[in-house]
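Summary of structural features
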Amino acid sequence: MSNEPSLSAQLLYAPNVQHNNLTLTSIKFISAVFAGAVAGILGLTNCAGFGLFAVAMLWAAFCVYVVCCKGKPGRYMASSVSAKGVNGGGRGIMELLNPGSDNAFTFVLVWTLFYGIVHVYD
């Protein structure tokens, strides 16, 4: 048993993976902000607003999956590497689908801000 990293882990260049994670975080953040603004302007409340957040996060994940990852997120996400190698099975999908708690809080903040601005006299 050696301390050498596995061959599949050596295929990923750490600065590129870090850049990919930063880009994914930025895309999710911007999606949460726009979804919050739309929910506030439309006057959505309760489950309808959170449903819009879920749809926006799924749409953002789908767009990243198709456009940025070209259908192979396992080649671009660090935690998707396993002993079987890079891009095996459905690896990398969870990194795309996880909205993150920061983005959920951002959504609620922007949602209430725009709801308060637009519907102040309702």
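Residues numbered from 1 in each chain as written. Predicted model: local features only at pLDDT ≥ 70, side-chain atom pairs only at ≥ 80, totals over all residues. Heavy atoms only, no water.

**Some details on helix α2 (residues 14-42)**
Helix length check: α2, at 29 residues, gives a terminal C-alpha distance of 42 Å against a target of 42 Å (1.5 Å per residue), a fit within 8%. Among all positions in α2, only V17, L24, K28, S31, A32, A35, G36, A37, A39 and G40 are buried. Once α2 finishes, G43 follows within two positions and takes phi at roughly 75°, a positive value. (Helix = DSSP H or I, 4+ residues; strand = E, 2+ residues; numbered from the N terminus. Expected span 1.5 Å × (residues − 1). Buried < 20%, exposed > 50% of the residue type's maximum accessible area, 1.4 Å probe, protein only.)

**Some details on the packing of aromatic side chains**
Enumeration over the complete set of coordinates arrives at five aromatic pairs. Note on F50 and W111: the rings are 5.1 Å apart at their centroids and 90° apart in plane angle, and the pair reads as edge-to-face. Taken together, the positions of F50 in helix α3 (residues 47-68) and W111 in helix α5 (residues 101-118) put the pair 61 residues apart, joining distant regions of the chain. For F50, a relative accessible area of 44% corresponds to the partly exposed category. (Phe/Tyr/Trp six-rings, centres within 6.5 Å; stacked < 30°, edge-to-face > 60°.)

**Some remarks on the environment of T45**
By secondary structure assignment, the location of T45 is in the loop between α2 and α3. Note on T45: relative accessible area 42%, which makes it partly exposed. Expressed as a C-alpha distance, the spacing of T45 and Y115, which sit 70 residues apart in the sequence, is 9.2 Å.

**Some words on a nonpolar patch on the surface**
Taken together, I41, L113, I117 and V118 make up a surface patch of nonpolar side chains, about 360 Å² in accessible area. Checked against the element boundaries, I117 lands in helix α5. (Patch = residues over 30% accessible without salt bridge, like charges linked within 9 Å, V, L, I, M, F, W, Y side chains within 5 Å. Areas by Shrake-Rupley, 256 points an atom, 1.4 Å probe, with all protein chains shown as cover. Salt bridge = Lys/Arg side-chain N within 4 Å of Asp/Glu carboxyl O.)

**Let's talk about the confidence of the model for the protein**
Taken as a whole, the protein shows an average pLDDT of 83; of its residues, 80% reach a score of 70 or greater. Element-level mean pLDDT values for the protein span from 55 in helix α1 (residues 7-10) up to 95 in α5. (pLDDT = per-residue confidence, 0-100.)

**Notes on the nonpolar core**
Of all hydrophobic cores here, the largest spans eight residues; its members are A32, A35, A39, F53, A56, M57, F107 and W111. Contributions of two or more residues to this core are made by α2, α3 and α5. Setting aside its immediate chain neighbours within four residues, A39 contacts L44, L52, F107 and W111. One finds L24, A61, C69 and M77 within the second-largest nonpolar core, a separate group that totals six residues. (Core = buried A, V, L, I, M, F, W, Y, C linked by side-chain atoms within 4.5 Å. Contact = heavy atoms within 4.5 Å.)

**Structural notes on α5**
The end-to-end C-alpha distance of α5 is 26 Å, a good match for the 26 Å that 18 residues give at a rise of 1.5 Å each. Within α5, the full set of buried residues consists of N103, T106, F107, V110 and W111. All buried residues of α5 fall inside an arc of 135° around its axis, so they share one side. Exposed residues on α5 whose side chains face more than 90 degrees from its buried face are D102, F105 and L109. Against the buried residues of α5 lie α2 and α3. (Arc of directions from axis to C-beta.)

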